[in-house]
Amino acid sequence: MTKITLKVNGKAVSGDVPDETLLSVFLRENLRLTGTHVGCDTSQCGACVVHVDGKAMKSCTMLAASAEGAAVTTVEGLAKSKDELHPMQVAFKENHGLQCGFCTPGMIMTATDM
Ligand code: FES
């Protein structure tokens, strides 16, 4: 087990996790931030992208322990408020920038970094 402490969407969080816990699993199962999706689980699809210290990262290939001390932003933390989407979210919405929608959170996080 590893004790990790990090900031997620501006809030300090901590937890004891098995050493092999992926960041995607920690976000989804420990923090219940299910906007981060897991599609391929092999670093190919990008559905799991979050920002780690401002850079887009595939959370399915990063250990949660590697995020120790980092600032992580998930798609849930991108908008300023529930009433005001991030401009990239607005752009996706206005241009119907999705297919089935499963990968959309990852595409938005990747596009925001770019
Ligand atoms: Fe496909 Fe992470 S789930 S790249």
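Relevant structure appears above.
Residues numbered from 1 in each chain as written. Predicted model: local features only at pLDDT ≥ 70, side-chain atom pairs only at ≥ 80, totals over all residues. Heavy atoms only, no water.

The subject of this paragraph is helix H1 (residues 23–30). Turning to H1, its buried residues number three or more, namely Leu23, Ser24, Phe26 and Leu27. The inward-facing, buried residues of H1 abut strand S1 (2–8), strand S2 (11–17), strand S3 (49–52) and strand S5 (71–73). Two residues or fewer past H1, Arg32 is found with a positive phi of approximately 60 degrees. (Buried < 20%, exposed > 50% of the residue type's maximum accessible area, 1.4 Å probe, protein only. Helix = DSSP H or I, 4+ residues; strand = E, 2+ residues; numbered from the N terminus. Contact = heavy atoms within 4.5 Å.)

Turning to the nonpolar core, a few remarks are in order. Leu6 and Val72 are the most contacted members of the largest nonpolar core, which totals 16 residues. Mapped onto this core, the elements with two or more residues apiece are S1, S2, H1 and S3. Counting six residues, the second-largest nonpolar core is a separate cluster that includes Val49, Val75, Leu78 and Met109. (Core = buried A, V, L, I, M, F, W, Y, C linked by side-chain atoms within 4.5 Å.)

This part is about the sheet that holds S2. Ordered by their spatial adjacency, five strands build an open sheet running S2-S1-S5-S3-S4, and the pairing between neighbours is mixed. Each end of this open sheet is capped by a strand with a single partner; those strands are S2 and strand S4 (55–58). Looking at each pair of strands side by side, their axes are set apart by 40 degrees on average, direction ignored. Here four bridges tie S3 to S4, and the two strands are oriented antiparallel to one another. (Pairing = 2+ DSSP bridges. Axes fitted to C-alpha atoms, helices over the stretch in contact; angles between N-to-C directions.)

Assignment of secondary structure puts Gly101 in the loop between helix H2 (87–94) and helix H3 (104–113). Along the sequence, Gly101 and Phe26 sit 75 residues apart, while their C-alpha atoms lie 22 Å from each other.

The next subject is the pairing of S3. Burial of the side chains of S3 extends over both faces: Val49 and His51 are buried on one face and Val50 and Val52 on the other. Linking S3 back to S4 in an antiparallel pair, the connection comprises two residues, with Asp53 at a positive phi of about 50 degrees.

Attention now goes to the pairing of S2. Where S1 meets S2, seven bridges bridge the pair, whose relative direction is antiparallel. Within S2, the position partnered with Leu6 by the bridge is Val13. Here S1 folds back onto S2, and the loop between the two strands holds two residues, one of which, Asn9, carries a positive phi near 55 degrees.

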